[in-house]
Amino acid sequence: MTMQFETAAGMTRGLNTHIARDIARKILSGELASGAILPSEIELGEQFGVSRTALREALKLLTSKGLLESRPKIGTRVKERAQWNMLDPQLLEWMQGMEATEEIYHQFLEFRKAIEPHATALAAVNASKEQRIELSRIYRQMCHVAENFDAEQWVDIDTKFHRMIFIASGNCFYVPFGNVLTTIFKWFFEYSSKEGGMCLNEHKRIYEAIMAGDEGAAFSASLSLMKGHKHRLSQA
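Residues numbered from 1 in each chain as written. Predicted model: local features only at pLDDT ≥ 70, side-chain atom pairs only at ≥ 80, totals over all residues. Heavy atoms only, no water.

Visitor: Before we go on, may I ask you to explain the overall build of the chain in this structure?
Guide: Scanning the chain from terminus to terminus reveals 11 helices and 2 strands. Put simply, the chain runs from its N terminus to its C terminus through helices and strands in the order α-α-α-β-β-α-α-α-α-α-α-α-α. Expressed as a percentage of the 236 residues in the chain, the buried residues total 44%. Nonlocal contacts in the chain, meaning residues at least 24 apart in sequence, comprise 70% of its contacts between residues at least 6 apart. Carbon together with sulfur atoms contributes 50% to the accessible area of the chain, which is approximately 12,300 Å² in total. (Helix = DSSP H or I, 4+ residues; strand = E, 2+ residues; numbered from the N terminus. Buried < 20%, exposed > 50% of the residue type's maximum accessible area, 1.4 Å probe, protein only. Contact = heavy atoms within 4.5 Å. Areas by Shrake-Rupley, 256 points an atom, 1.4 Å probe, with all protein chains shown as cover.)

Here it is as structure tokens:
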């Protein structure tokens, strides 16, 4: 199997991360399919122009993220997608700028349906005074951007709105999602907000329910926002 990789020659630091990122993006894009065997360490080292030490560190990093496994007499193989750690912050960062299929957006929306309405309901009950003030500031900015629509500004403020919901939930297991998912939230919003789609009324309902401390209304408003047709996604 012939696989061309970006050369790392000339880089003075972060060689292992550079190599890991290049290989990871080929795996994530499907260029390196599940079950594929990577070239030998000698071949990879020559292609990247790096020492075997740097290469091994890169492969160890990818193994820790569930992308690769090494087997005696077989070599280093790409693992099945089900074993990839898709919530790894660095892996999400490496995915930035990659072309995603609509299936990925559907899967992310389904994932959000499972957790975000509950986080929103918790935020209605648990949000501190300071968090409610911050959410109000973010919502006012959303309204301003909606009146003078700018796609880049909308994606940024929409991401902040949803991140704030997870933070305001007061649940230590929900809070990390607001941080870890920031990157993928942006990709999703960039896609779902194309042609100016913003769902501002739905965001208003979420905001008002949280500010009113209405747990049930917050849950319902969040779930309503998750309907696929509101995100420019084709319906199954």
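Picking up where we left off.
Visitor: Would you mind showing me how to read the packing of helix α10 (residues 200–212) against helix α11 (residues 215–225) here?
Guide: Pairs of packed helices are described in terms of their axes, by the angle between the two and the distance that separates them. For the pair α10 and α11, interaxial distance at closest approach is 8 Å and the crossing angle is 160°. By the criterion of interaxial angle, the relationship of α10 to α11 is roughly antiparallel. For the pair α10 and α11, the crossing hand works out as left-handed. In this structure, α10 uses E202, H203, R205, I206, A209 and I210 to contact α11, whose residues at the interface are A217, A218, S220, A221, S222, S224 and L225. Looking at the contact of α10 with α11 residue by residue, the class counts come to 7 nonpolar, 4 polar and 2 charged. (Axes fitted to C-alpha atoms, helices over the stretch in contact; angles between N-to-C directions. Parallel < 35°, antiparallel > 145°, perpendicular 65-115°, else oblique. Left-handed = near helix turned anticlockwise from the far one by under 90°. Nonpolar A, V, L, I, M, F, W, Y, C, P; charged D, E, K, R; others polar.)

Visitor: Mind showing me how you'd approach the packing of aromatic side chains here?
Guide: We describe a pair of aromatic rings using the distance from one ring centre to the other and the angle between the two ring planes. The tally for this structure, following the rule as stated, stands at 3 aromatic pairs. Ring centres of Y139 and Y207 lie 4.3 Å apart, and the angle between their planes is 10°; this geometry places the pair in the stacked category. Of this pair, Y139 sits in helix α6 (residues 129–147) while Y207 is found in helix α10, placing the two residues 68 residues apart along the sequence. Accessibility classification places Y139 together with Y207 in one group, the buried group. Taking the centre distance of 6.4 Å and the plane angle of 45° together, the rings of F166 and F177 count as tilted. (Phe/Tyr/Trp six-rings, centres within 6.5 Å; stacked < 30°, edge-to-face > 60°.)

Visitor: Quick question: what am I supposed to make of α10 here?
Guide: Think of an α-helix as turning once every 3.6 residues; residues three or four places apart then point the same way. Between its terminal C-alpha atoms α10 stretches 18 Å, which fits the 18 Å expected from 13 residues at 1.5 Å a residue. Tucked inside the fold, the buried residues of α10 contact α5 (102–126), α6, α7 (151–168) and α11. Once α10 ends, the next one or two residues include G213, with phi positive near 70°. (Expected span 1.5 Å × (residues − 1).)

Visitor: So what exactly am I meant to see when it comes to the side chain of T76 here?
Guide: One can find T76 in strand β2 (residues 75–78). Given the relative accessible area of 15%, T76 is considered buried. For T76, the side chain forms a polar contact with the side chain of S70, separated by 3.3 Å. Here T76 is in contact with A36, I37, L38, L59, L68, E69 and S70, once residues within four sequence places are set aside. (Polar contact = N/O pair within 3.5 Å; in protein donor to acceptor, adjacent residues only side chain to side chain.)

Visitor: Teacher, can you tell me more about the nonpolar core here?
Guide: Across soluble globular proteins, nonpolar side chains have a tendency to be buried as a group. Among the nonpolar cores identified, the biggest contains 66 residues, and I23 and F161 are the most heavily contacted of them. Counting the residues that make up this core, at least three belong to each of domain 1 (15–83) and domain 2 (89–231). Those residues in contact with F161 that sit more than four places away from it in its chain are L135, I138, Y139, M142, H203, I206 and Y207. (Core = buried A, V, L, I, M, F, W, Y, C linked by side-chain atoms within 4.5 Å. Domains from an automatic or database assignment.)

Visitor: Looking at this structure, I do not really get the pattern of salt bridges. What am I missing?
Guide: Close approach of charged atoms lets side chains of opposite charge pair. A full pass over the atoms with the stated rule returns 11 salt bridges. With a shortest N-O distance of 3.2 Å, K26 and D22 are connected by a salt bridge. Pair noted here: K26 and D22 are both in helix α1 (residues 15–29), with a separation of 4 residues, about one helical turn. Pair check on accessibility: K26 and D22 agree, each one buried. (Salt bridge = Lys/Arg side-chain N within 4 Å of Asp/Glu carboxyl O.)

Visitor: Would you take a moment to explain the packing of α6 against α10 for this structure?
Guide: The geometry of α6 relative to α10 is characterised by a closest axis approach of 11 Å and an angle of 160° between their N-to-C directions. The orientation of α6 with respect to α10, classified from their angle, is roughly antiparallel. Like other packed secondary-structure pairs, α6 and α10 cross with a definite hand, here left-handed. Of α10, the residues touching α6 (which contributes R132, L135, S136, Y139, M142 and A146) are L200, H203, K204, Y207, I210 and M211. Across the contact of α6 with α10, the residue classes break down as 8 nonpolar, 2 polar and 2 charged.

Visitor: How do you make sense of the confidence of the model for the chain when you look at a structure like this?
Guide: Low pLDDT marks stretches whose predicted atomic positions should not be read closely. For the chain, mean pLDDT is 86; residues scoring 70 or higher make up 87% of the total. Across residues 9–13 the pLDDT falls below 50, and counting only partners more than four positions away or on other chains, this stretch makes 3 contacts in the model. (pLDDT = per-residue confidence, 0-100.)

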